[in-house]
Amino acid sequence: MMLAKKSIPDRPYLHIRQSCMRLHTGTRASLLLLVYAVQKVAGVNFTQCLNDIVENAIATQNLAGLLNGDGDPVSNPSDATAISYSLCISACGAGEEPFQWPVFSQDFSTWLLPNLALVSQLPFGAQYRLDNLMSVVLTVGSPVLAGYSLFITLLNSRWIHHRFRQAVDYPNSHFAVSILHSLHQVPLRLHFDHAHFPSLVVLPENDTWWKYFSELVDYGHTWSIASAASIAWVVVAFILTLTHSPWNDYANEADGEATGSMWLWLIPIVVGWLQLSPKCDFDRLQLAYVRADQYARTGIAHTHMGMPPASTRRALTITAMEEDSDVMSPDEFLTPPVFNYSRSLRWASTADTTFLAFKAASDKAKSRIPVQFGSDWVESDDMKTIHPSNRRGSPQEITTYCAQPDGAQHSHWAPGMFTRMFVASCVSLALQWGTAGAATIVAYLTPTIGIGCRSLSYLIYAGLSTLIWMILLMSSILAHYSAAYSHRPPLSARVALVLSHWLRRMGKLLAIANSIWVVMTCVFQYSSFYGTCFCNSSVIGRGEGAYDVLIVTTAQAALARAAWIGAIVLACGSASMFIGLMNLLLDTLP
């Protein structure tokens, strides 16, 4: 009984002790988490860490890991300005520098936000908003592709205008050049069956169609107060980059000097499209074509029947949504001009076919040969015009009038196309690597010199941008190759088409990833995410010999200044070269 009575108070005592032990264990875990969170918020003070290491070295005479700015061991602890990566990890920890919201918000609003706002000035106009969003993703994810689409559009327009001006003197030829220049953003197709397109070229009744359609599509995405203000904002922000550069006050790399150079490609792209003024409003183009189509006429069997009948089928289609469409890449239907990479090959082929039809008619007119067989040439009152009776005939006569001499075959690949592609590629690559290369130079030559987190981030962005351009360009080439065999394609054409689809999807996925990457790279830069022993020591490039420079010497600051000057010249030079070349070529456009 006494044992039983004695055991009664022991049970609650044990229960309380176990509860206290559980409470003590939970509190200890919470305190550990709290300490870890405080360390993450407070960050690592590398200056204080170096002072502690030097004091310990003086006391213990252990100089292991103490280095000078060049990474060489020091004999006096007080001369140490850098520490080895292993010592940095053991003494300072693997955390990053303290996050400073004022610095982050200022850098974000100064360097990144103006460029994101400038993206809104890119030409859009797709039928669906998702396609407009994808055009932004492709532009930001691959500036090489954006520059290529812009410059190949310029070179193609210049090429066809030059050919018409040199070899064609026929009614409506100047309207044809203007229309071709305006329709880079849609898939163009010509129809020669039943003399549809030849009738559009030859018949005088179609003069109204050419003139009316040319006027309807003579609009564009051009300068406005909003676009000028957005460009000025970015330019002012970049000027602030120069005033805050390392030659005035060497500070930590959380500032946006390098990112300002990395985004500098956007100004030439936006300015270029504003100058080229693309016609990319899908609904407006559709309406213009429908309104002009009522004036299109086809050839007639006998000229005495009066006005030719209205065409039941369009001679020139701008949407290619018909059942016999041979559009192999869905990107051809998307009117934002960044997708011109997918249309450039077929556009050039269609423009060349148009030129050859006009040239054949022009050559016969110069030889005073009328359309109708056996009839005589009728002189016009005005020597500069052709009498309408010389331009009428049956469908067969009209088709023959625009046919190539001696049965010459028209190539599926427009002449000089690959040369223009090469030039556009070189210019766009120079723009991308000039701006991203400038950012890489600044990060690479900032102590500790070497490939680190920052410089590697810029290289990844430029490298992926180039890879995306290569993938999508190859996709367009394969799609154009397979389009030559739209009826009963051989095995090679079918394989090329399947590979084209896969490459297009892969390129877009990489563009999505790269556009997110470039924004996150800037965020990491501004938030001191890269301010760790690993990133500051350039471990990626130096490997086992990595070290962290904690005190910048005068010589190192001078090298950083020289690197920044060179980077500014490289970035501004590549952007200026792009804009300068465009302005040199713009005066030859219709």
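Section: the nonpolar core
One broad rule of soluble globular proteins: the nonpolar side chains tend to lie buried together.
Now for step 1: If you look at the biggest cluster of nonpolar residues, it comprises 118 residues, and the most contacted ones within it are Phe151, Phe164, Tyr170, Trp210, Phe213, Trp263 and Ile269.
Now for step 2: Top element by residues in this core is helix H6 (residues 143-167). It accounts for 13 residues.
Now for step 3: Setting aside anything within four residues of it in sequence, one finds Trp263 in contact with Leu112, Asn115, Leu116, Val140, Val518 and Cys522.
Now for step 4: In terms of nonpolar packing, the next biggest core, distinct from the first, is built from 16 residues, Val54, Val74, Ile83 and Cys92 among them.

Comments concerning the state of the cysteines
Now for step 1: In this structure the tally under the stated criterion is three disulfides.
Now for step 2: Between Cys49 and Cys92 runs a disulfide, and the two sulfur atoms are separated by 1.8 Å. Looking down the S-S bond of the Cys49 and Cys92 bridge, the torsion is -95°, so its handedness is left-handed. Placement of the pair is Cys49 in helix H2 (residues 46-60) and Cys92 in helix H3 (residues 85-92), with a sequence separation of 43 residues. The burial state of Cys49 is the same as that of Cys92; both residues are buried.
Now for step 3: Here Cys88 pairs with Cys533 through a disulfide, and the sulfurs are 1.9 Å apart. Between Cys88 and Cys533 the sulfur-sulfur dihedral comes to about -70°; the bridge is accordingly left-handed. Taken together, the residues Cys88 in helix H3 and Cys533 in helix H19 (residues 533-536) connect sequence positions 445 residues apart.

Details of the side chain of Thr335
Now for step 1: Position of Thr335 among the secondary structure elements: in the loop between strand E4 (316-317) and helix H14 (340-366).
Now for step 2: For Thr335, the side chain forms a polar contact with the main-chain oxygen of Gly125, separated by 2.9 Å.
Now for step 3: Here the side chain of Thr335 touches Ala126 through a polar contact of 3.5 Å, landing on its backbone nitrogen.

Concerning the sheet that holds strand E5 (residues 547-549)
Now for step 1: The three strands lie next to each other as E1-E2-E5, forming an open sheet whose pairing is antiparallel. Only two strands of the sheet have a single neighbouring strand rather than two, namely strand E1 (66-67) and E5.
Now for step 2: The pairing of strand E2 (residues 82-84) with E5 spans three bridges and is antiparallel. Each bridged residue has a counterpart across the sheet, and for Ser84 the counterpart in E5 is Tyr547.

Some points on the packing of helix H17 (residues 453-483) against helix H18 (residues 491-526)
Now for step 1: Packing of H17 against H18 leaves a shortest axis separation of 8 Å and a crossing angle of 160°. For the element pair H17 / H18, the angle class is roughly antiparallel. Once H17 is placed against H18, the crossing between them reads as left-handed.

What counts, and at which threshold
- Residues numbered from 1 in each chain as written.
- Predicted model: local features only at pLDDT ≥ 70, side-chain atom pairs only at ≥ 80, totals over all residues.
- Heavy atoms only, no water.
- Core = buried A, V, L, I, M, F, W, Y, C linked by side-chain atoms within 4.5 Å.
- Buried < 20%, exposed > 50% of the residue type's maximum accessible area, 1.4 Å probe, protein only.
- Helix = DSSP H or I, 4+ residues; strand = E, 2+ residues; numbered from the N terminus.
- Contact = heavy atoms within 4.5 Å.
- Disulfide = S-S within 2.5 Å.
- Polar contact = N/O pair within 3.5 Å; in protein donor to acceptor, adjacent residues only side chain to side chain.
- Pairing = 2+ DSSP bridges.
- Axes fitted to C-alpha atoms, helices over the stretch in contact; angles between N-to-C directions.
- Parallel < 35°, antiparallel > 145°, perpendicular 65-115°, else oblique.
- Left-handed = near helix turned anticlockwise from the far one by under 90°.

Read these as geometric descriptors, not functional statements.
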